[in-house]
Amino acid sequence: MSFGTYKEVMALKAKDGKIGGVAQDGGVVTTLLCYALEKGVIDGALVAGKSETPWMPKPTIATTKEEIIAAAGTKYTISPVVSTIKDAAREYGLEKIAVVGTPCQIYAVQKMRLYGVGARHIPDKVAMTVGIFCTENFSYAGLRTVIEDHCKVPIESVTKMEIGKGKFWVKGAKDVSIPIKETHKYEQDGCHVCSDLTAEFADISTGSIGTPDGWSTTFARSTRGKDLLSKAIADGLFEKKSMDEFKSAPDAKIKSGLDLLGNLEKGKKDKAKKHFDERKALGLFVTPEILY
Ligand SMILES: Cc1cc2nc3c(=O)[nH]c(=O)nc-3n(C[C@H](O)[C@H](O)[C@H](O)COP(=O)(O)OP(=O)(O)OC[C@H]3O[C@@H](n4cnc5c(N)ncnc54)[C@H](O)[C@@H]3O)c2cc1C
Ligand code: SF4
């Protein structure tokens with residue numbers, strides 16, 4: 001188990017029922033963004049908002065709680081959120097920006113900080129990054145095919161989708177689940193060389209693996225990430241449990257929620273390494289070796 005660098009890992013669940021009702025898991029992302037906005041830690045957040053097309057996310061610069069809450073929930077397709085970062089700084093004039101994204105998007109922001117090519121002064125305005133765990137992502141056409149052809153549900157009738165326990169679930173007018181292996185061929189190819197499951201470069205990372213439904217496994221990684229989380233917990237925004245509470249029976253193969261996360265993380269890194277080596281052998285572009 002590595003999970004990157006972190007100061008603390010914990011299980012959290014938002015107490016605000018309004019957020020709990022729309023959030024994907026424990027509502028950690030939406031609760032923290034609203035809290036940071038209220039406290040002046042940020043003046044806006046880059047999120048995956050809703051668009052005219054069902055389940056097609058629209059990268060959105062949210063400057064109000066209402067806009068942040070409207071973007072809650074996972075859309076299992078690409079939302080190029082980093083594309084909004086310059087507009088947030090230059091057109092919206094934001095000085096303290098939060099970025100929410102998948103591990104690759106957090107990696108892009110971190111890279112921009114170190115090598116700010118064509119993005120002078122922009123990364124200085126990133127006040128917080130919130131990374132969401134990610135195993136894989138789909139193109140919109142791929143997602144639509146999974147929902148309409150495999151699950152046999154019209155995409156506009158879906159109210160929530162989830163990946164967990166080896167299945168892809170859609171909920172709404174009809175609840176359907178299909179084995180996750182049916183979706184593999186629709187994964188975006190670039191995800192196959194991705195070795196980061198837990199958003200290792202974020203200030204705070206959160207996801208569902210390791211905790212029961214309605215809860216989030218959450219890592220406080222940087223000092224600023226831990227400060228924000230500690231204040232939000234002290235102000236009573238979350239129910240908090242130790243990850244040690246999610247232990248399995250003594251004879252179970254997987255001993256705890258964190259063990260499960262560790263196994264899946266290792267699986268992702270091993271798979272990425274295999275694809276990385278194959279590409280390298282073919283003389284194709286490969287992502288930096290340090291990631292493996
Ligand atoms: C493609 C994808 C794959 C994922 N795979 C896993 C996984 O394998 N295991 C796991 O534990 N968790 C995974 N997650 C994360 C999980 O689905 C939740 O986003 C996370 O647990 C946060 O829950 P929450 O209740 O705190 O978030 P909420 O409060 O509901 O907020 C969710 C936030 O995620 C943002 N968001 C939604 N869709 C996207 C998107 N496509 N790209 C970027 N940002 C987005 C929204 O802007 C919103 O701010 C995945 C997320 C995505 C987008
Ligand atoms: S698997 Fe990796 S590359 Fe693909 S969306 Fe998730 S974080 Fe990005």
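Residues numbered from 1 in each chain as written. Chains lettered and ligands numbered in written order. Predicted model: local features only at pLDDT ≥ 70, side-chain atom pairs only at ≥ 80, totals over all residues. Heavy atoms only, no water.

Helical geometry: 3.6 residues make up each α-helical turn, so side chains three or four residues apart lie on a common side. With 25 residues, helix α8 (residues 257–281) should cover 36 Å at 1.5 Å per step; its first-to-last C-alpha distance of 36 Å lies within 8% of that length. Within α8 the residues assigned to the buried category are Gly257, Leu258, Leu261, Gly262, Glu265, Lys268, Ala272 and Phe276. Where α8 is buried, its residues touch β1 (8–14) and β10 (216–220). Positive backbone phi, at 80 degrees, marks glycine 283, one or two positions downstream of α8. (Helix = DSSP H or I, 4+ residues; strand = E, 2+ residues; numbered from the N terminus. Expected span 1.5 Å × (residues − 1). Buried < 20%, exposed > 50% of the residue type's maximum accessible area, 1.4 Å probe, protein only. Contact = heavy atoms within 4.5 Å.)

A few words now on the site of ligand 1. Around ligand 1 sit 29 residues in total, of which Asp25, Thr30, Thr74, Thr135 and Ser208 are the nearest. One of the backbone nitrogen or oxygen atoms of valine 29 is found 3.0 Å away from an oxygen atom of ligand 1. Between ligand 1 and the protein, one listed contact pairs a nitrogen atom with a backbone N or O atom of phenylalanine 133 at 2.7 Å. A total of 910 Å² of accessible area belongs to ligand 1 in isolation, and the protein chains cover 98% of it. If you list the elements that add at least two residues to the shell around ligand 1, you get α2 (28–38) and β2 (44–50). Element by element, the count of residues in the shell around ligand 1 is highest for α2, at three residues. Broken down by class, the residue content of the shell around ligand 1 amounts to 13 nonpolar, 13 polar and three charged. (Near = heavy atom within 4 Å. Polar contact = N/O pair within 3.5 Å; in protein donor to acceptor, adjacent residues only side chain to side chain. Areas by Shrake-Rupley, 256 points an atom, 1.4 Å probe, with all protein chains shown as cover. Nonpolar A, V, L, I, M, F, W, Y, C, P; charged D, E, K, R; others polar.)

Our next topic: the packing of α2 against helix α7 (residues 223–234). Where α2 contacts α7, the two axes come as close as 11 Å, and the packing angle between them is 95 degrees. One finds that α2 runs roughly perpendicular with respect to α7. Of the residues in α7, those in contact with Leu32, Tyr35 and Ala36 of α2 are Leu228, Leu229, Lys231 and Ala232. (Axes fitted to C-alpha atoms, helices over the stretch in contact; angles between N-to-C directions. Parallel < 35°, antiparallel > 145°, perpendicular 65-115°, else oblique.)

Glancing now at the packing of aromatic side chains. With the rule as written, the count across this model stands at eight aromatic pairs. Among the aromatic residues, those joined into a cluster by ring pairs are Phe3, Tyr6, Phe133 and Phe219. (Phe/Tyr/Trp six-rings, centres within 6.5 Å; stacked < 30°, edge-to-face > 60°.)

Another aspect to go through is the sheet that holds strand β9 (residues 204–207). Spatially, β3-β2-β4-β5-β9-β10-β1-β11 is the arrangement adopted by the eight strands of the open sheet, whose pairing is mixed. At either margin of the open sheet sits one strand with a lone partner, and together these are β3 (57–62) and β11 (238–241). Sheet twist, expressed as the average angle between the axes of neighbouring strands with direction ignored, equals 30 degrees. Relative to β10, β1 is paired through five bridges, and the arrangement is antiparallel. (Pairing = 2+ DSSP bridges.)

Attention shifts here to the side chain of threonine 129. Relative to the assigned elements, threonine 129 resides in strand β5 (residues 126–132). Its relative accessible area of 2% is what places threonine 129 among the buried residues. When neighbours within four sequence positions are excluded, threonine 129 is seen to be in contact with Val99, Ile106, Val109, Phe201, Ala202, Asp203 and Ile204.

This brings us to the sheet that holds strand β8 (residues 176–179). The strand order across the open sheet formed by three strands is β6-β7-β8, and the pairing between neighbours is antiparallel. Of all strands in the sheet, those with a lone pairing partner are β6 (158–164) and β8, marking the two edges. The mean angle between the axes of side-by-side strands here comes to 15 degrees, regardless of whether they run parallel or antiparallel. With four bridges joining them, strand β7 (residues 167–172) and β8 adopt antiparallel strand pairing. From the neighbouring strand, tryptophan 169 faces β8, where its bridge partner is serine 177. Of the strands in this sheet, β6, β7 and β8 touch helix α6 (residues 140–150), which is tilted by about 75 degrees from β7.

In terms of domains, the protein is made up of domain 1 (8–136 + 190–281) and domain 2 (138–186). Using C-alpha coordinates to define each centre, domain 1 is positioned 22 Å away from domain 2. Carbon and sulfur atoms supply 56% of the area buried between domain 1 and domain 2, which totals about 1300 Å² over both sides. Taken as a group, Trp55, Tyr76 and Glu136 account for 52% of the area that domain 1 buries against domain 2, more than any other trio of residues on that side. Here domain 1 and domain 2 share one salt bridge between them. For aspartate 213, the salt bridge identified is with lysine 165, shortest N-O distance 3.7 Å. Across the domain 1-domain 2 interface, the total number found is seven residue pairs in polar contact (both at pLDDT 80 or more). Its residues assigned to classes, the side of domain 1 that touches domain 2 shows six nonpolar, four polar and two charged. (Domains from an automatic or database assignment. Buried area = accessible area lost by both parts, 1.4 Å probe. Salt bridge = Lys/Arg side-chain N within 4 Å of Asp/Glu carboxyl O.)

Taking 1.5 Å per residue, twelve residues should reach 16 Å; α7 reaches 16 Å between its end C-alpha atoms and fits that length. Looking at α7, one finds that the buried residues are Gly225, Leu228, Leu229 and Ala232. Across the axial projection of α7, the buried residues extend over an arc of 95 degrees, all falling on one side. Exposed side chains of α7 directed beyond 90 degrees from the buried face belong to Thr223, Lys231 and Ala234. Tucked into the core, α7 has its buried residues touching β1, α2, β5, β9, β10 and β11. Looking one or two residues beyond α7, the residue adopting positive phi is glycine 236, at roughly 80 degrees. (Arc of directions from axis to C-beta.)

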